[in-house]
Amino acid sequence: MKIEALEPFGYEISDLDLKQVTETEFADIHAAFADAGIVFFRDQDLAPADHITLARRFGEININRFFTPHPDYPEVALVVKEPAQTTNIGGTWHTDHSYDDVPALGSILLAHEVPPTGGNTQFASMYRTWERLSPGLQTTLEGMRAVHSAHHVFGTKNPHQDSDDAGARRIHNADVADRLPDPVHPVVIKHPISGKKALYVNPQFTLRFEGWSDADSRPLLDYLGALATEEAELCEFEWRVGSIALWDNRATWHNARNDYQGHRRVMHRITIEGCALDAA
Ligand code: SIN
């Protein structure tokens, strides 16, 4: 197994069959994952059952309530864009499941069908973003908490939740999203695996800082979003069939680029359960 550090962050791991990972190899993968929050693999031939077995090595599986499940394996969520569809899933900077009281640890996304060009996924590091803040802002943010929500993304109030495209319905259970209480999480967390400080707000699901109005919160949330996603800070992954991204939702954000109109892209995603988050 070969582990190569990527710039500006992340690791690509090769010479490995994820169906046959030894305990020692798994410990090395886990160490890379803990360090950077994102690990990529190439040329994997994983059937849904293998994908599930791999995910279970990281923790319990969280069955996504809103995405279309695989017809035979509900643990696997389908992230699909058909040629006739113009919007994509995940095409806004976010981290999965921050709208849950106990946010998911991470996700394992496997490429089954990719467009001839485009369809990359970008990642931003919340360790690095935290470190790049000035000490004064760090001190301010450390005492704060923020409100997150799924309502405006997956609920009935989102006019796009059922997709405005010609294709099949991709997002489900809007009524479940409507009933989810909006959780409050620390703005700066002590990462449950690495122990490092990480910024924990994101552009898609964070509504406001606790005790602040939406309007008061917006400029600071936008500033953090712009800082985190500066071009030079991003890690961008170009998918091939059999590529895998394993990311930590508490240490990274991601954004699926929607630059492949007229082509199909089919991904399988498994989400891993996490834990309640503690302030740094
Ligand atoms: C997601 O946000 O989980 C999907 C990312 C992608 O399709 O690249």
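Refer to the preceding data block for the structure.
Let me begin by describing the structure that accompanies this report. Please read these numbers as outputs of a predicted model, since none were measured by experiment.

## Quick word on the overall build of the chain
No. 1: Helices and strands together make up the secondary structure of the chain, namely 7 helices and 17 strands.
No. 2: Radius of gyration (C-alpha) of the chain: 18 Å, near the 19 Å computed for a compact globule of 280 residues.
No. 3: The buried share among the 280 residues of the chain stands at 54%.
No. 4: Looking at the chain alone, contacts between residues at least 24 apart form 82% of all its contacts between residues at least 6 apart.
No. 5: As displayed, the chain has an accessible area near 11900 Å², and 50% of this comes from carbon and sulfur atoms.

## What about helix α4 (residues 135-142)?
No. 1: Looking at α4, one finds that the buried residues are L137, Q138 and L141. The buried side chains of α4 occupy one side of the element, clustering within an arc of 105° when seen end-on. Opposite the buried face of α4, by more than 90 degrees, sit the exposed residues P135 and T139.

## Overview of the site of the ligand
No. 1: Around the ligand, the neighbouring residues are V79, G90, H94, L109, T121, W247, H254, A256, R265 and R269.
No. 2: A distance of 2.8 Å separates an oxygen atom of the ligand from a polar atom in the side chain of R265.
No. 3: A distance of 2.7 Å separates an oxygen atom of the ligand from a polar side-chain atom of R269.
No. 4: Taken by itself the ligand offers 260 Å² of open surface, and the protein chains cover 100% of this.
No. 5: Every element with two or more residues in the shell around the ligand is listed here: β16 (252-256) and β17 (265-272).
No. 6: Looking at the shell around the ligand, its residues break down into 4 nonpolar, 4 polar and 2 charged.

## Regarding the pairing of strand β8 (residues 121-125)
Consecutive side chains along a regular strand alternate between the two faces of the sheet.
No. 1: The element β8 is largely enclosed, with a buried count of 5 among its 5 residues.
No. 2: Both faces of β8 are covered, namely the face carrying T121, F123 and S125 and the face carrying Q122 and A124.
No. 3: As judged from the 3 bridges shared by β8 and strand β14 (residues 235-237), these two strands associate in the antiparallel manner. Residue T121 lies in a different strand from β14, and its bridge partner there is F237.

## Some thoughts on unusual backbone geometry
No. 1: Residue P8 is reached from E7 by a cis peptide bond, and omega for that bond is 0°.
No. 2: Look at D43: it is not a glycine, yet its phi comes out positive at around 55°.
No. 3: Tracing the chain through its elements places D43 in the loop between β3 (38-41) and α2 (48-56).
No. 4: The class of D43 is exposed, set by a relative accessible area of 60%.
No. 5: Phi at H97 takes a positive value of approximately 70°, unusual for a residue other than glycine.
No. 6: Within the secondary structure layout, H97 lies in the loop between β6 (77-81) and β7 (106-113).

## Looking at the nonpolar core
Here is a general trend for soluble globular proteins: nonpolar side chains tend to be buried in one another's company.
No. 1: Ranked by size, the top nonpolar core spans 27 residues in total, and within it L141, V187, V201, F209 and L224 carry the most contacts.
No. 2: Put simply, the parts of the chain that give this core at least two residues each are α3 (126-132), α4, β11 (188-190), β12 (197-199) and α7 (214-228).
No. 3: If one sorts the elements of this core by residue count, α7 sits on top with 5 residues.
No. 4: The contact partners of L141, leaving out residues within four places of it in the chain, are L133, V187, V188, L199, L220 and L224.

## With respect to the pattern of salt bridges
No. 1: Tallying each qualifying case throughout the model produces 20 salt bridges.
No. 2: As a salt-bridge pair, D96 and R269 come within 3.2 Å of each other at their nearest N and O atoms. Note that D96 is positioned in the loop between β6 and β7 and R269 in strand β17, a separation of 173 residues in sequence. Residues D96 and R269 agree in their burial class; the two are buried.
No. 3: Residue R132 pairs with E233 through a salt bridge whose shortest N-O separation is 3.6 Å. With a gap of 101 residues between them, R132 in helix α3 and E233 in the loop between α7 and β14 connect regions that are remote in the sequence.
No. 4: A cluster of three or more residues bridged by salt bridges with shared partners is formed by R128, R132, E230 and E233.

The rules behind the values
Residues numbered from 1 in each chain as written. Predicted model: local features only at pLDDT ≥ 70, side-chain atom pairs only at ≥ 80, totals over all residues. Heavy atoms only, no water. Helix = DSSP H or I, 4+ residues; strand = E, 2+ residues; numbered from the N terminus. Rg over C-alpha atoms; globule rule 2.2 N^0.38 Å. Buried < 20%, exposed > 50% of the residue type's maximum accessible area, 1.4 Å probe, protein only. Contact = heavy atoms within 4.5 Å. Areas by Shrake-Rupley, 256 points an atom, 1.4 Å probe, with all protein chains shown as cover. Arc of directions from axis to C-beta. Near = heavy atom within 4 Å. Polar contact = N/O pair within 3.5 Å; in protein donor to acceptor, adjacent residues only side chain to side chain. Nonpolar A, V, L, I, M, F, W, Y, C, P; charged D, E, K, R; others polar. Pairing = 2+ DSSP bridges. Core = buried A, V, L, I, M, F, W, Y, C linked by side-chain atoms within 4.5 Å. Salt bridge = Lys/Arg side-chain N within 4 Å of Asp/Glu carboxyl O.

That is the geometry; function is a separate question.
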